[in-house]
Amino acid sequence: METSNFHEDMDGLVQQIGINFDHIWQKTLTVLNPMKPADGSIMNETDLTGPMVFCLAFGATLLLAGKVQFGYIYGISVLGCLAMHTLLNLMSVTGVSCGCVASVLGYCLLPMIILSGCAVLFSLQGVIGIPLALIVIGWCSLSASKMFISTLAMEGQQLLVAYPCALLYGIFALLTVF
Amino acid sequence: ASSSAVIDMENMDDTSGSSFEDMGEMHQQLKEEDDVGEEPVPTEEDDGAFLGVKGLKGQLGRDVADQVWQAGKRQASKAFNLYGNIDILRPYFDVEPIQVRNRLMESLIPVQMINFPQKVAGELYGPLMLVFTLVAILLHGMKTSGTVIREGTLMGTAIGTCFGYWLGVSSFVYFLGYLCNAQITMLQMLSLLGYGLFGPCIVLLVTYNVHLHSLFYLLWFIIGGLSTLRMVAVMLSRTIGQTQRLAICGVLAALHMVFLLYLHFAYHRIVEGILDTLEGPNAGPVRFPRDIAELSITLLNSTVKSIGASLQMR
């Protein structure tokens, strides 16, 4: 009885601070499977728990490869979020909040963690590393653009949204590879 | 004489009503109409003690400071609403992917008809993305060549160079066009020069990965030349007078071609092959942009000696 009460209390506490594990898992699966359609109602949430965990994981995997880049990750993330927020508000009829942009961009950083994990095992400055980096950049930008167009109803402009996302994730890839 | 009721808008002079200032003024007028009844009414407080013992620190000082603050705040909000409202830029980002693709292709095709003004796309998405692409290519080139920036960061240098060129040269050529009475707006100049960066992006993307100077010169001449010719042809079609045309097009062509040369030689390795063999204490000088280190005979000799020593060890 006491254990079930404890779990119920913990679930209530988690809900009160705005963490929805089901939505976090749905977003993570949407990123990992680029062919999975994105649910616009879930993607429009301002959830920064997952993105913060992913950013820390990205920094940690870079640390394992001998690179202390937490400051660069923070700076590039902030500037990238602001730039994408401005661009999407200019391109879309319905606006988007900065938190939503940060949430989507943070979730789509997950494949970059896989790339930085590979950098721990072997050097990416070679025949295998560059194509792998390009694939991961495409994966991240495809997932991010899919989420953005589902939220902003911008069908037909996915390429226009994907390209600036690709440039942003390309900067992260440069951090990882070099 | 016959007159037609149909107006050909294809090559209509589109220099009016599309500038940032026009859009900003329109928004400002709409804003002022809404704010007519919202002027703050100055309230009269008890002035009995305003010339009190404390002087400026008393009520008079507080009133003056408050009025100065309110006046400054009103001026700042007016300026922000006029120039900082991003809604004035919204029409310039309303594009389709197929339009961007066509404009990218057209940026390498010089127009032949210069007798009437050629249409310039009033759009900022493509040029902005091309500038960011050039930043990314520069960063990639600097990382692969081990370039070290003494004062600043790689990102800051790349962004400053690319945006500085785009905004600075656009402003300068627009100013020249204003002096020479060219029919082009600032937005069109930004768009024209932005799309003109497509050629340099291709050249640098290839030559930062394939290290051949002859290939660079060939691509610089062909692809850089085509994008320059495109911009020059558009400016020729929008300028009247031989001297004016020569001035604007000469400056634009020179700046565009020299910029590509600068990007290649300032942000990438200039010595291929030799640096690859240097390791450890025999490593050559670190590559600094705009600080070209001259290779000396002693460096070459030490390189040859180190290669010979490594071969003997095997």
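Residues numbered from 1 in each chain as written. Chains lettered and ligands numbered in written order. Predicted model: local features only at pLDDT ≥ 70, side-chain atom pairs only at ≥ 80, totals over all residues. Heavy atoms only, no water.

1. Considerations on the overall build of chain B
The helix and strand tally for chain B stands at 10 helices and 0 strands. Reading chain B from its N terminus to its C terminus gives the helix and strand order α-α-α-α-α-α-α-α-α-α. Relative to its full complement of 314 residues, chain B shows a buried share of 36%. Looking at chain B alone, contacts between residues at least 24 apart form 78% of all its contacts between residues at least 6 apart. When the accessible area of chain B is evaluated, it comes to approximately 18,600 Å², of which 63% is carbon and sulfur surface. (Helix = DSSP H or I, 4+ residues; strand = E, 2+ residues; numbered from the N terminus. Buried < 20%, exposed > 50% of the residue type's maximum accessible area, 1.4 Å probe, protein only. Contact = heavy atoms within 4.5 Å. Areas by Shrake-Rupley, 256 points an atom, 1.4 Å probe, with all protein chains shown as cover.)

2. What about the UniProt feature "transmembrane region" (unreviewed entry) in chain B?
In the numbering used here, UniProt assigns the "transmembrane region" (unreviewed entry) feature to residues 124-142, 154-177, 189-208, 214-234 and 246-267 of chain B. In residues 246-267 of chain B, helix accounts for 95% and strand for 0%; the two terminal C-alpha atoms are 31 Å from one another. (UniProt positions renumbered as here; feature names shortened; annotations may be inferred.)

3. Quick look at the domain arrangement of chain B
Note: interface size is frequently given as the accessible area lost on complex formation between the parts. All names here are of chain B. Under the domain assignment used here, chain B contains domain 1 (56-94) and domain 2 (97-279). Using only C-alpha atoms to locate each centre, domain 1 and domain 2 end up separated by 38 Å. Between domain 1 and domain 2, the residue contacts involve 4 residues of the former and 7 residues of the latter. In total, domain 1 and domain 2 occlude about 400 Å² of area from one another, counting both sides; carbon and sulfur atoms represent 75% of this. A per-residue breakdown of the area domain 1 buries against domain 2 is headed by Tyr92, Phe93 and Asp94, which together make up 94% of the total. Our enumeration of links across domain 1 and domain 2 arrives at 0 salt bridges. For the interface between domain 1 and domain 2, the tally reads 1 residue pair in polar contact (both at pLDDT 80 or more). When the residues that make up the side of domain 1 that touches domain 2 are grouped by side-chain class, the tally is 3 nonpolar, no polar and 1 charged. (Domains from an automatic or database assignment. Buried area = accessible area lost by both parts, 1.4 Å probe. Salt bridge = Lys/Arg side-chain N within 4 Å of Asp/Glu carboxyl O. Polar contact = N/O pair within 3.5 Å; in protein donor to acceptor, adjacent residues only side chain to side chain. Nonpolar A, V, L, I, M, F, W, Y, C, P; charged D, E, K, R; others polar.)

4. A look at the layout of surface pockets
Its volume calculated, the largest pocket comes out at about 1,100 Å³. Along the walls of the largest pocket sit 40 residues, with Leu79(A), Ala83(A), Phe132(B), Met155(B) and Ile159(B) positioned nearest its centre. Those elements giving two or more residues to the lining of the largest pocket turn out to be helix H5 (70-91) and helix H9 (158-177) of chain A together with helix H4 (125-145) and helix H5 (154-179) of chain B. When residues of the lining of the largest pocket are assigned to their parent elements, the largest contribution, 12 residues, is made by H5(A). Partitioning the lining of the largest pocket into residue classes produces 32 nonpolar, 7 polar and 1 charged. Counting contributing residues, the lining of the largest pocket receives three or more from each of domain 1 (56-94) and domain 2 (97-279) of chain B. Taken as a whole, the second largest pocket holds about 880 Å³ of empty space. For the lining of the second largest pocket, the secondary structure elements donating two or more residues are helix H8 (129-152) and H9 of chain A together with H4 and helix H7 (198-207) of chain B. (1 Å grid on protein atoms, 1.4 Å probe; cavity = no way out; pocket = protein on both sides within 12 Å on 5 of 7 lines; lining within 4 Å. Points joined across faces, edges and corners; volume = space filled by probe spheres on them.)

5. Brief notes about the interface of chain B and chain A
Counting residues at the interface gives 18 residues for chain B, matched by 18 residues for chain A. For the chain B and chain A pair, buried surface summed over both sides reaches about 1,700 Å², with 74% attributable to carbon and sulfur atoms. Together, Arg90(B), Phe93(B) and Tyr125(B) form the three largest contributors to the area buried by chain B at its contact with chain A, with a combined 30%. The interface formed by chain B and chain A contains 5 residue pairs in polar contact (both at pLDDT 80 or more). Sorting the residues of the side of chain B that touches chain A by element identifies helix H3 (97-106) and H4 of chain B as the ones contributing at least two each. Looking at which element gives the most residues to the side of chain B that touches chain A, the answer is H4(B), with 9 residues.

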